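A structural walkthrough
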Amino acid sequence: MIHGNSSSKEVFRNQYDGRIGETFHCIAMDLPGHGGSGDARDPEATYWMPGYADVALELMEKLGIAQYAILGWSLGGHIGLEMIARSDAPTGLMISGSPPFGPTDESVESGFKTNDHMHLAGQRDLTPDEVEAYAHATCGINAPFETFLSEAVARTDGRARELMFSRLTADGTVNQQEAAVASRVPFAIVNGETDQFINNDFIAALPYGDLWEGKVHLLPGIGHAPFWEAPKTFDPILERFLASI
């Protein structure tokens, strides 16, 4: 389970402490510069999607787990796309809130929406008010809110936001759109229909070669983090996906 930008592993609490965790061996990690993990020793090498993917792959190798499925949210979904393009270890990938963009600024702009909070995703320093605004927006305007969500934003190394966003399509990154369209593993997309950060029309229009159940799953009335906002709706879909692989 790989969390999003300026978040932490606790955002998946409903899953690993719930029925999903009772059925499957769940591993939720804090990315470098986030949550309980230390700041990166080499920010330039770590704070971008390939760097995070390398960290996640190395973690699973160190744990001795040869094969595993990935649930990636927002930034975590983009990291998952990097991982399936770099390694044969992942056996399936579900992403949420992660538009698979191509290696151009135009594609990135098409995949995301412009809103009052989007610029904060790449801003190094945040005021207390901006921390609260970003935390509420990313978990979903109507989602339950707990203090750990804003604490995670405040704790995040600001360099992680700044460096990651400045190199979304830099040399060395995987073509996210190509990785999604031609995924070699079962690939699922589950998004909130009212997600204010992503363009669901862009995501649904991509010519996927083998999308799980043949569709992008859209959860009505749900925002950017459906697994947190509506676990009773999200978890049966995740469970069905995991059981299918």
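The paragraphs below set out a description of the structure included in this document. Sequence order as written defines residue numbering, which begins from 1 separately in each chain. Two thresholds apply to this predicted model, a pLDDT of at least 70 for residue-level local features and 80 or more for giving and counting side-chain atom pairs, whereas whole-chain, interface and lining totals are computed over all residues. Side-chain descriptors were evaluated using all non-hydrogen atoms of the structure, hydrogens and water having been removed beforehand.

1. Some details on the sheet that holds strand β4 (residues 217-219)
- We treat two strands as partners when DSSP finds at least two bridges between them. Per the convention used, a helix needs a DSSP run of H or I reaching at least four residues, while a strand needs a run of E reaching at least two, with both numbered from the N terminus. Pairing is parallel across the open sheet formed by four strands, whose spatial order is β1-β2-β3-β4. Each having just a single partner strand, β1 (68-73) and β4 make up the two edges of the open sheet. This sheet shows a mean twist of 20 degrees between the axes of neighbouring strands, independent of strand direction.
- Inspection of the sheet shows strand β2 (residues 90-96) paired to strand β3 (residues 187-192) by three bridges, in the parallel sense. Bridging across to β3, I95 finds its partner in I189.
- Whether two residues are in contact is decided by their heavy atoms, any of which lying within 4.5 Å being enough. To obtain an axis, a line is fitted to C-alpha atoms, over the contacting stretch when the element is a helix, and the angle between two such axes runs from 0 to 180 degrees between their N-to-C directions. Lying over the sheet, helix α13 (residues 231-244) contacts β1, β2, β3 and β4, oriented at roughly 160 degrees with respect to β2.

2. Let's talk about helix α5 (residues 75-86)
- Its twelve residues give α5 an end-to-end C-alpha distance of 17 Å, which sits within 8% of 16 Å, the value for a rise of 1.5 Å per residue.
- Buried residues are those whose accessible area, probed at 1.4 Å on protein chains only, stays under 20% of the maximum for their type, while exposed residues exceed 50% and partly exposed ones sit between those limits. With ten of twelve residues buried, α5 is to be regarded as a mostly interior element.
- Against the buried residues of α5 lie α4 (49-62), β1, β2, α9 (158-166), α10 (176-181) and β3. The span one expects for a helix is its residue count, reduced by one, times 1.5 Å.

3. Details of the packing of aromatic side chains
- Here the aromatic set is Phe, Tyr and Trp, taking the six-membered ring for Trp, and pairing holds for ring centres within 6.5 Å; pairs whose planes are under 30 degrees apart are stacked, those over 60 apart are edge-to-face, and all others are tilted. Considering all chains together, one arrives at eight aromatic pairs under this definition.
- Aromatic side chains F148 and W228 sit 5.4 Å apart centroid to centroid with 85 degrees between the ring planes, which places their arrangement in the edge-to-face category. With F148 in helix α8 (residues 147-155) and W228 in helix α12 (residues 226-229), the pair connects residues that are 80 residues apart, well separated along the chain.
- Owing to a relative accessible area of 3%, W228 belongs among the buried residues under this scheme.
- Through successive ring pairs, a cluster of aromatic residues spans F12, W73, F227 and F234.
- Either the NZ atom of lysine or the CZ atom of arginine qualifies as a charge over a ring when it sits within 6 Å of the ring centre and within 35 degrees of the ring normal. R167 extends its terminal NZ or CZ atom over the ring of W48, reaching a point 4.4 Å from the ring centre.

4. Description of the pattern of salt bridges
- Criterion for a salt bridge: a side-chain nitrogen of Lys or Arg within 4 Å of a carboxyl oxygen of Asp or Glu. Tallied over the entire structure, the rule returns twelve salt bridges.
- Measuring nitrogen to oxygen at the nearest pair gives 3.9 Å for the salt bridge that ties E44 to R167. With E44 in helix α3 (residues 43-46) and R167 in the loop between α9 and α10, the pair connects residues that are 123 residues apart, well separated along the chain.
- A cluster of three or more residues bridged by salt bridges with shared partners is formed by K9, E10 and D30.

5. Considering the packing of α4 against α5
- Between α4 and α5, the least distance of the axes is 8 Å, while the angle of their chain directions is 70 degrees. As judged from the angle between their axes, α4 and α5 are roughly perpendicular. Between α4 and α5, the contacting residues are M49, P50, Y52, A53, D54, A56 and L57 on the first element and L75, H78, I79, E82, M83 and R86 on the second. Roughly parallel refers to an angle under 35 degrees, roughly antiparallel to one over 145, roughly perpendicular to one between 65 and 115, and oblique to any angle outside these ranges.

6. Details of unusual backbone geometry
- Of note, the phi angle at S6 is positive, near 60 degrees, even though the residue is not glycine.
- Following the sequence through the fold, S6 ends up in the segment before α1 (13-16).
- In this structure S6 comes out as buried when scored by relative accessible area, which is 2%.

7. Some details on α13
- Taking 1.5 Å as the rise per residue, α13 with 14 residues should run 20 Å; its terminal C-alpha atoms sit 19 Å apart, in good agreement.
- Taken as a whole, α13 has its buried residues at P231, F234, D235, I237, L238, E239, F241 and L242.

8. A short note on the nonpolar core
- One finds I79, M83, F187, I189 and Y208 to be the most contacted residues of the largest nonpolar core, which totals 44 residues.
- Contributions of two or more residues to this core are made by α4, β1, α5, β2, α9, α10, β3 and α11 (200-205).
- In terms of residue count, the dominant contributor to this core is α4 (six residues).
- L71, A143, F234 and I237 belong to the second largest nonpolar core, which has 25 residues in total. Among the buried residues, those of types Ala, Val, Leu, Ile, Met, Phe, Trp, Tyr and Cys that are joined through side-chain atoms within 4.5 Å form a nonpolar core.

9. What about the pairing of β3?
- Most of β3 sits inside the fold, with six of its six residues counted as buried.
- Where burial is concerned, the two faces of β3 agree: the one with F187, I189 and N191 and the one with A188, V190 and G192 are both buried.
- With three bridges joining them, β3 and β4 adopt parallel strand pairing. In the sheet register, V190 faces β4, and the bridge partner there is H217.
- Considered for its hand, the β-α-β crossover made up of β3, α11 and β4 is right-handed. Orient the strands so they point away from the viewer; a crossover is then right-handed if the path from the first strand over the helix to the second runs clockwise.

Remember that the coordinates give geometry; whether it matters functionally is a separate question.
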